[in-house]
Amino acid sequence: MVRQRSTNTADVREVALAGLDLAAARRVLDLGCGFGFLAEALAPRLPATTRVLGVDVWASNREPFLSRLACRHRTGAFECLEVQRQVPWPRRSFDLVTCSYSLYFFPDIIPEVARVLSPEGIFLVITHSEHSFRGLFHAAGLDAEGSRLRALLGHFSAENGEQKLAAWFEDVRRVDYKNELRFERAHLDELLAYVRFKVPLLFPGARADGPVPPAQAEHVRATLSRRGTVIIEKDDAIFHCRRPRCP
Ligand SMILES: C[S@@+](CC[C@H](N)C(=O)[O-])C[C@H]1O[C@@H](n2cnc3c(N)ncnc32)[C@H](O)[C@@H]1O
């Protein structure tokens, strides 16, 4: 659905991977792997014997992550782990480490990524702009300032990511991915589904599978009906980091 409503028709993961030579990436770590969407895009570009280790705080992501890799004929493993400041692997354990829309949950892990990455390795990060989702807050009648989503994006964003990474990597290259989601009146159900997907980040204390509170759902309906279009900003940045600064 996000792809269908995006004004940028390029797949952000394909853009992130374009031009990367992954022929030497035999040990891959995907932190905050989720359902394995990045691993799926990555797999065909990896040597056939490469092993991809997915790490996520939700054990329920094991099956979808491993299935997506298997569909692409790559082997993998999954570890259920809450990433914070440290990871349990020795120095230089991986040739490629990825964080796709996850580093803002655990930005303090960057020095550890530099430690576990091989000297010729690559750290690939995809993240949002801090200015993303303003239209989503507006449509739902919520104040973006002080929200959990805004605070989260500020932890590691398109705006501050380069500086945070440059402290631990000698070579940091940034690729901008401009995008917005456009919902017309006919897309009301999709817009409500999108708001529901973001519920835990919009409403403090909301359950991950919880419904959109009725007042906000009504606000979304009324806004779309009145304005005809709801636009949600979704600009991202991709960082390719090389030459880890590791003592
Ligand atoms: C927005 S999703 C991105 C998933 C996937 N990387 C992708 O691109 O589709 C963020 C993922 O990070 C995971 N996550 C959040 N905090 C985490 C933590 N402290 N340790 C490990 N995983 C975490 C979530 O469970 C979720 O699967």
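Rules of the game
- Residues numbered from 1 in each chain as written.
- Predicted model: local features only at pLDDT ≥ 70, side-chain atom pairs only at ≥ 80, totals over all residues.
- Heavy atoms only, no water.
- Helix = DSSP H or I, 4+ residues; strand = E, 2+ residues; numbered from the N terminus.
- Core = buried A, V, L, I, M, F, W, Y, C linked by side-chain atoms within 4.5 Å.
- Buried < 20%, exposed > 50% of the residue type's maximum accessible area, 1.4 Å probe, protein only.
- Contact = heavy atoms within 4.5 Å.
- Arc of directions from axis to C-beta.
- Disulfide = S-S within 2.5 Å.
- Salt bridge = Lys/Arg side-chain N within 4 Å of Asp/Glu carboxyl O.

Chemist: Looking at this structure, I do not really get unusual backbone geometry. What am I missing?
Modeler: Keep in mind that most residues, glycine aside, have a negative phi and that most peptide bonds are trans. Even without glycine at this site, R92 takes up a positive phi of about 60°. Residue position: R92 is located in the loop between β3 (75–80) and β4 (94–100). Phi at F133 takes a positive value of approximately 75°, unusual for a residue other than glycine. Checked against the element boundaries, F133 lands in the loop between β5 (117–128) and α6 (134–140).

Chemist: Before we go on, may I ask you to explain the nonpolar core in this structure?
Modeler: Nonpolar side chains tend to gather and get buried jointly when the protein is soluble and globular. With 80 residues, the main nonpolar core has L22, L31, L96, L103, F123, F169 and I232 as its most contacted residues. For this core, the element with the most residues is β5, which contributes 6 residues. Every residue in contact with L31, bar those within four places of it in the chain, is listed here: V55, V83, V97, T98, C99, S102, F106, I109 and V113.

Chemist: Can you help me understand helix α9 (residues 188–197) in this one?
Modeler: Three- or four-residue spacings in an α-helix give side chains the same orientation, since the helix completes a turn every 3.6 residues. By the burial criterion, the buried members of α9 are L191, L192, Y194 and V195. For α9, the buried positions fall inside an angular range of 160° around the axis, keeping them on one side. Looking at α9, the residues exposed on the side facing more than 90 degrees away from the buried face are D189 and F197. On its buried face, α9 sits against α1 (2–5), α6, β7 (180–184), α10 (199–202), α11 (214–227) and β8 (229–233).

Chemist: Help me out: how do you make sense of the state of the cysteines in this one?
Modeler: The bond known as a disulfide is covalent and runs between the sulfur atoms of two cysteines. Overall, the coordinates contain 0 disulfides when judged by the stated rule. With no disulfide of its own, C71 has C33 as its nearest cysteine by sulfur position, at a separation of 15 Å. The thiol of C241 is not disulfide-bonded; the next cysteine sulfur, from C99, is found 9.7 Å away.

Chemist: Even after reading the chapter, I still don't get helix α4 (residues 62–71), so can you show me in this structure?
Modeler: Those residues of α4 that sit buried are P64, F65 and L69. Buried residues along α4 cover an arc of 130° about the axis, so they all sit on one side. Projecting away from the buried face of α4 at angles above 90 degrees are the exposed residues E63 and C71. Residues of α4 that are buried sit in contact with β1 (27–31), α3 (37–42), β2 (51–56) and β3.

Chemist: What am I meant to see in the pattern of salt bridges here?
Modeler: Side chains bearing opposite charge may pair, as long as their charged atoms lie close to each other. Applying the stated criterion across every chain, the model contains 14 salt bridges. Where R3 meets D11, a salt bridge forms, and the shortest distance between an N and an O atom there is 3.2 Å. The exposed category is assigned to R3, whose relative accessible area is 53%. Among the ionic pairs, D235 bridges to K178, the shortest N-O distance being 4.0 Å. A residue pair is termed long-range when its members are at least 10 positions apart, and D235 in the loop between β8 and β9 (236–244) and K178 in the loop between β6 (169–177) and β7 qualify at 57 residues. The class of D235 is partly exposed, set by a relative accessible area of 24%. Among the residues examined, K178 registers a relative accessible area of 56% and is labelled exposed.

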